[in-house]
There are 6 protein chains.
Amino acid sequence: MNIAPRTRAAVLSEALPHLQKFSGHVIVVKYGGNALAESTDDAMEVFARDIALLRAVGMKPVVVHGGGPQISALMDRLGKQATFHEGLRVTDAETMEIVSMVLLGTVNPMLVSLINTAGASAAGVSGKDVGLFQCVQRDPALGFVGDIVNVNPVAVQGLLDDGVVPVVATLGTDEKGQSYNINADTAASALAVALKATKILFLTDVAGVLRSHDDVGSIISTLTEPEAMELQAAGVITGGMIPKVESCLHAVKGGVGAAHILDGRVAHVTLLELLTDAGVGTMFIPDEAIR
Amino acid sequence: MNIAPRTRAAVLSEALPHLQKFSGHVIVVKYGGNALAESTDDAMEVFARDIALLRAVGMKPVVVHGGGPQISALMDRLGKQATFHEGLRVTDAETMEIVSMVLLGTVNPMLVSLINTAGASAAGVSGKDVGLFQCVQRDPALGFVGDIVNVNPVAVQGLLDDGVVPVVATLGTDEKGQSYNINADTAASALAVALKATKILFLTDVAGVLRSHDDVGSIISTLTEPEAMELQAAGVITGGMIPKVESCLHAVKGGVGAAHILDGRVAHVTLLELLTDAGVGTMFIPDEAIR
Amino acid sequence: MNIAPRTRAAVLSEALPHLQKFSGHVIVVKYGGNALAESTDDAMEVFARDIALLRAVGMKPVVVHGGGPQISALMDRLGKQATFHEGLRVTDAETMEIVSMVLLGTVNPMLVSLINTAGASAAGVSGKDVGLFQCVQRDPALGFVGDIVNVNPVAVQGLLDDGVVPVVATLGTDEKGQSYNINADTAASALAVALKATKILFLTDVAGVLRSHDDVGSIISTLTEPEAMELQAAGVITGGMIPKVESCLHAVKGGVGAAHILDGRVAHVTLLELLTDAGVGTMFIPDEAIR
Amino acid sequence: MNIAPRTRAAVLSEALPHLQKFSGHVIVVKYGGNALAESTDDAMEVFARDIALLRAVGMKPVVVHGGGPQISALMDRLGKQATFHEGLRVTDAETMEIVSMVLLGTVNPMLVSLINTAGASAAGVSGKDVGLFQCVQRDPALGFVGDIVNVNPVAVQGLLDDGVVPVVATLGTDEKGQSYNINADTAASALAVALKATKILFLTDVAGVLRSHDDVGSIISTLTEPEAMELQAAGVITGGMIPKVESCLHAVKGGVGAAHILDGRVAHVTLLELLTDAGVGTMFIPDEAIR
Amino acid sequence: MNIAPRTRAAVLSEALPHLQKFSGHVIVVKYGGNALAESTDDAMEVFARDIALLRAVGMKPVVVHGGGPQISALMDRLGKQATFHEGLRVTDAETMEIVSMVLLGTVNPMLVSLINTAGASAAGVSGKDVGLFQCVQRDPALGFVGDIVNVNPVAVQGLLDDGVVPVVATLGTDEKGQSYNINADTAASALAVALKATKILFLTDVAGVLRSHDDVGSIISTLTEPEAMELQAAGVITGGMIPKVESCLHAVKGGVGAAHILDGRVAHVTLLELLTDAGVGTMFIPDEAIR
Amino acid sequence: MNIAPRTRAAVLSEALPHLQKFSGHVIVVKYGGNALAESTDDAMEVFARDIALLRAVGMKPVVVHGGGPQISALMDRLGKQATFHEGLRVTDAETMEIVSMVLLGTVNPMLVSLINTAGASAAGVSGKDVGLFQCVQRDPALGFVGDIVNVNPVAVQGLLDDGVVPVVATLGTDEKGQSYNINADTAASALAVALKATKILFLTDVAGVLRSHDDVGSIISTLTEPEAMELQAAGVITGGMIPKVESCLHAVKGGVGAAHILDGRVAHVTLLELLTDAGVGTMFIPDEAIR
């Protein structure tokens, strides 16, 4: 941007309290498959540079990603028909292999590359490495769909201690080494709790929780658990927003300082949230934080 | 096996000098795509348990793998035609994505799972993590085929220091983050040199270097560089064996104590080589080692 | 032994779960004076190599020894008459000096030498070093016979941390620096508790606890404290076995995972117990372990 | 400043390469007495916040200060007449005490306070602490005017390692504990060399080295030693600028990456230099750096 | 002194139990402004050598000083009139600056020099460094007179860990960086508590607490809190002794092992107290210590 | 001793430069068998307290001992006839066992006890522990008499690092674990070199090197190698003094700062040498030290 140097210096100076507040803190950033799918190459580069910046100013960002739309695309290319059971994708062995190929072989290395190219050191982590996401099968009718029963964050922690940005692909494993398809929001939230993160940011393709469905102006900036429960009962939080809200609440109940639903399509949304006074998206905080 | 306990105890006791010799040493094991393709599930489990054993007795094994046959299989499934230029596979962007999906999404997590299930801690490492295999393009006519120009082993070293078994997928990256298809034997050899490994074992689908082409009894157990050169000039080392021999020589010239070509189809071949007096396969040693 | 390499490899492979189970764990091995006295030079070398093997595969063995028969032998040579009070040897100043000369000057350096020669690093530790076994006098009528009131394991711990095998001579000291003759089984047990050992093995000259006095086939493989008490009340555990059983129970009550009475005359008995599925000797476990 | 959040985010993002370049590097900032004297309270706060920002983004800033005008002011208040010898202030015992009171008792705690208030941790360091600036007397006729013969930076290094910003008062000491008045520019330069600093910034009350004396537009942005020598011979560098240039050259000859003469009266001048592409002041670089 | 070498050796030998008792312990020594004012240069050198000796034999001495008489002297020189409110000095901005100049610019560097010259490594610490003494204003009518509300001893602790003797000037700071005049005895006591010191010695210009006002022979050698309270009620402890006694009691109630009021004019009084059996001054001990 | 407290304080104060000079330095003290044999119990306690004092004031003393007279005494008791070959004791297997019993079982634990009782932490070290003194046989006709070919000081160094006083018994070992009788002076000197000691003190039963055989007043206080050679050629250094002088010269040629021959019968002779200005015994210094 064409901005005068002294304006640049002033902006940097005014970021000081934000920088001091989060220095050395773990920040988990969930970059959703939908956000990815809708991002241009440039937008993904901006995201990667933002992550590199968080690292450069002393935070410890962890990127977690899924890849739903990308999985569907490869299934199509391979002529594999998706089937559903009670609204959930049935994951047979072939589907599981496709999930693994997409998450570990396509999405993960792309994000690693972008962050490395932005000047930070990134490394991919599979949810199977050193038993990161340990799972049990949810329901035989769903095939290899797993529920996380334990998180072993040592590999991620080791990378953080070495100054590396971990990029985590959300698949799980059981004791026998079988791979499982897991929900990426849930996994990100569980990892944030295990890492005692200060914040978790969910980068989605919506602006946040809206009071009126189609009115972006009705965005709710802060929510505690009882308030979120109430809104759900009142039918304000519905559909695909419900699992995201639940992941946020799981995180803050597990000790994470705050959880945010942000619009991943907005340029520099992570910087806006972490390094400026701008109010963006919806923030979930522990009940006691408002007392 | 049905073996008397006191025989077992005697065997363990007699392994003592071997255990003491390699304790704390880095051992790179290249598990070839062909060896993988011809292995039964049981054979791969045996391999994984051997690696876990090396770790359990205090060595630092590093597994490096390629995946040629598996890549071809996925190209077939996706109806992608392979093309060749001077005998080398032309790697366009789509092929590169397939390579990435197979190495990172199929072969790597399978090996990680097997080693974890054998009771060790394994973690996958991509050649793109923290710039592990830094490449330049070999020839525009070949597309994304890369030559390694630098190895940054910090991610692998970090895992070794934490007691984890690194499982390394051999793809490379350039400064812009572009992925490259690289030769797995060359990559394993370069990594062994960077890690100052004591040994590198190439697990292949042949018995070793044979003096007479079809006579397994004519296997040559030890070779120095001048001897290997001579045999190549004499037409004894030919075809697919040439690049393997060159990788072995590159390793020992780079400071690795010894390089071995072993038959990966033989059960427990790594244990035979490292923990018994049995002479198996062909060993390459530095020239000065025989003086 | 003349065993085929592939059988050797299979045996090593099958030891994997045992190796993983005890890696990094402290294992105290009490080598009794009687076992020593009845051992040939070869048998002692085998013992030393077994200890070196435990160290080589990542365990932290600690050898504790007494020297009753060797003390009696030197008293004979010096023409010193032994006297007893209520069945215990009266230890006057001259006897105490003989005890010290035998334990520290004969038995201890012999074991240190054998283990060093087997390729491990061993160092002798006197119970007087840095106040390892702090004692009070039991009964003036017995002279310098001591009861342990405190264990300071820092010297032993320091050696373990440096990868050295401590070989501990069981004599004690009081605050004034006076030496005391102490029971070696009791001392080994107290040290195992202080080191939070996983196991303590008592190598004796009997097969274990027998249900019928002369019938080796009647050996009891596992005992908890109440069962041991019952057997003692029933007159099954008698005589010299009583203090050994008490040392075992003291260890497991103090937090040691299991205590074993083993026949030190059986070759490789420590390996049989620790690295094979063979049931040898009698194992004492905490009461709660069987619930 | 009233700047849109997304502009702020863009500015932060564009600072990334600068942040990455100096992360973990030692930056010595000499804040001159003249710059101090001409600064308003607000300007000094801005300076302190800039230093806190450098620390917050991972650099290791060290502030070095003198206090000439402030010393003169206190001498006036105390009715002490200044005397000069060949242009240098004669420093008798009373003058030395005044120097000490001003540097350690007035200027130093003021800077420490301002930086602490900006959210960083600052601590004052006297040049006498742990023998930081070891001196000999220059000339008896000058009294306690010292030349630095050794720098012991351990106290400063210790603070840097603990994340603290050292604020260094430039007085020296000899072996007998006598205090000396020393040149602050020289001391800053010697400290930068001892700390192997990446950069030293001299904040003065001029714009930099000018080709034409009164023409700020004629500022020279980069100089090597031979060029500086030539300009001095040509009479372009004169008067009070000579010692500053010599301190710059001393630093880069001693291994400091670059030395800068900057106008301390410009708001955020340290940020402009370190975190933007703006060319401000004059930079001295080692001769070899331009080859 | 002219003492025979073998007598010297005997004296050193007999100091052994004292040396062993305090090795590695933190000893806070408050050197009062009055003691300083009445000390000859030689006496201060003796004090500094004693501190260096404590460090040399393994203790961790911390020197804390005030400077009341020296402050009054500078005020006189500057023609500044002192005013009082309810017996306390009103500290306006100019007075605060004088306090700062004297403590940081005169007294502190003098003590640092003397201890450095005695062969130890000393460094000055201001109560403002890294928020050492955090204050609030006591009473607006008194100006910048502060009460300590928090002690952050990390800078002092860091120096102790590096083998340096911290010399602490007792002024405080609030969150806005404003300096405060604080009571030096109170500050020393608060620092001793924060450092978990073993002892605090107050070097004053009196012999200790006397039972009869003018009779040095009536000195009380040991006091607990209830006894001190009683003596105060009985009018035995009066005037300037009251705040000193309160600082002693504050220290021992805060966990310091013992607090001593000693006559700083007696040569080597710190050595007499710490390294000989001589009973000097008055010692305050926790109530439970005498049970 | 009946010495006034203020005299005690003065003596301690005057020891300061000596304490500072040797703080943290390794000091090897060889306590000879003859010195031991002629010492009363009280004298040995004094020696032990002196060692504890060196440790308490921050030095790192290492005690090395032999036991010639004590070995002869036990041989007598056991009716073992000593035989000699060219003036050296022939050491058969039985003699070697007696040497081991005396050094490790009698002398070593006695010294360990005395030092522990003096309030330091001491631990015995055998020359066989972790291959401390590695030997070869000197001459088959002498039996197990060894010459040191390598010193592995890690066990001794480990104790020093933990604040423990090592007490070293001088016997050696070869690769097969065979024990050897070695010269204690030579061993002490070799250990001092391996530990990079600052000083080695040989406590003997003579006053030092005398210019006139029977005249203690003719003691030579300082010698360099050429001077010592000259005195030997001139017949001034003769008999049993020759090997001691050679051990001293070996030490200083190997990098030890100074070697001293002292009279171990003089009370506190180690303190006299290390902590006072008294000139006692003969000091050997490197040739270059006098330039």
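Just above sits the structure.
First, a word on scope: everything that follows refers to the structure included in this document. (Residues numbered from 1 in each chain as written. Chains lettered and ligands numbered in written order. Predicted model: local features only at pLDDT ≥ 70, side-chain atom pairs only at ≥ 80, totals over all residues.)

**Topic: the overall build of chain A**
And then number 1: Counting secondary structure elements, chain A contains eleven helices and 14 strands.
And then number 2: In terms of principal-axis extent, the alpha carbons of chain A reach across some 60 × 45 × 35 Å.
And then number 3: Per-residue burial over chain A gives 55% buried out of 291 residues.
And then number 4: Counted over contacts in chain A with a minimum sequence separation of 6, partners at least 24 positions apart contribute 74%. (Helix = DSSP H or I, 4+ residues; strand = E, 2+ residues; numbered from the N terminus. Buried ≥ 20, exposed ≤ 12 C-beta atoms within 10 Å, placed from the backbone. Contact = placed C-beta atoms within 7 Å.)

**Points about the environment of F:Val269**
Residue and element names in this part refer to chain F.
And then number 1: Within the secondary structure layout, Val-269 lies in helix H11 (residues 269–275).
And then number 2: Residue classification places Val-269 among the buried residues on the basis of 25 C-beta atoms within 10 Å.
And then number 3: Note: C-alpha distance between Val-269 and Leu-203 (66 residues apart in sequence) is 8.4 Å.
And then number 4: The contacts of Val-269, once residues within four sequence positions are left out, are Leu-203, Leu-262, Asp-263, Gly-264 and Val-280.

**Points about the arrangement of the chains**
And then number 1: With respect to C-alpha atoms, chain C approaches chain D no nearer than 28 Å, and the pair has no contact.
And then number 2: Between chain C and chain E there is no contact; the minimum C-alpha to C-alpha separation amounts to 15 Å.

**Description of the relation of the copies chain D and chain A**
Two copies of one chain are present, and they are related through a rotation about an axis combined with an axial shift.
And then number 1: It takes a turn of 180° to lay chain D on chain A, together with a shift of 0.0 Å along the axis; the resulting RMSD is 0.0 Å. With respect to symmetry, the two chain copies, as superposed, fit the operation of a two-fold axis. Considering only C-alpha atoms, the part of chain D nearest the rotation axis is D:Val57, at 2.1 Å.
And then number 2: Comparing interface residues between copies, 97% of those in chain D also sit at the interface in chain A, which points to an isologous, same-surface contact. (Least-squares fit on C-alpha atoms with pLDDT ≥ 70 in both.)

**Focus: the pairing of strand E13 (residues 258–263) of chain D**
Residues and elements named next belong to chain D.
And then number 1: In this sheet, E13 lies alongside strand E11 (residues 199–204) in parallel orientation, the contact comprising six bridges. Note on E13: the bridge partner recorded for Ile-200 is Ala-259.
And then number 2: As defined by bridge partners, E13 adjoins strand E14 (residues 282–284) across three bridges and the pair is classed as antiparallel. Residue pairing across strands places His-260 opposite Met-283, the latter belonging to E14. (Pairing = 2+ DSSP bridges.)

**A look at the interface of chain F and chain E**
And then number 1: At the interface, 33 residues of chain F touch 33 residues of chain E.
And then number 2: For the side of chain F that touches chain E, the secondary structure elements donating two or more residues are helix H1 (5–14), helix H2 (16–22), helix H4 (41–56) and H11 of chain F.
And then number 3: Looking at which element gives the most residues to the side of chain F that touches chain E, the answer is H1(F), with ten residues.
And then number 4: Among the residues making up the side of chain F that touches chain E, the classes are represented as 20 nonpolar, eight polar and five charged. (Nonpolar A, V, L, I, M, F, W, Y, C, P; charged D, E, K, R; others polar.)

Keep in mind that these numbers describe shape and distance, not what the molecule does.
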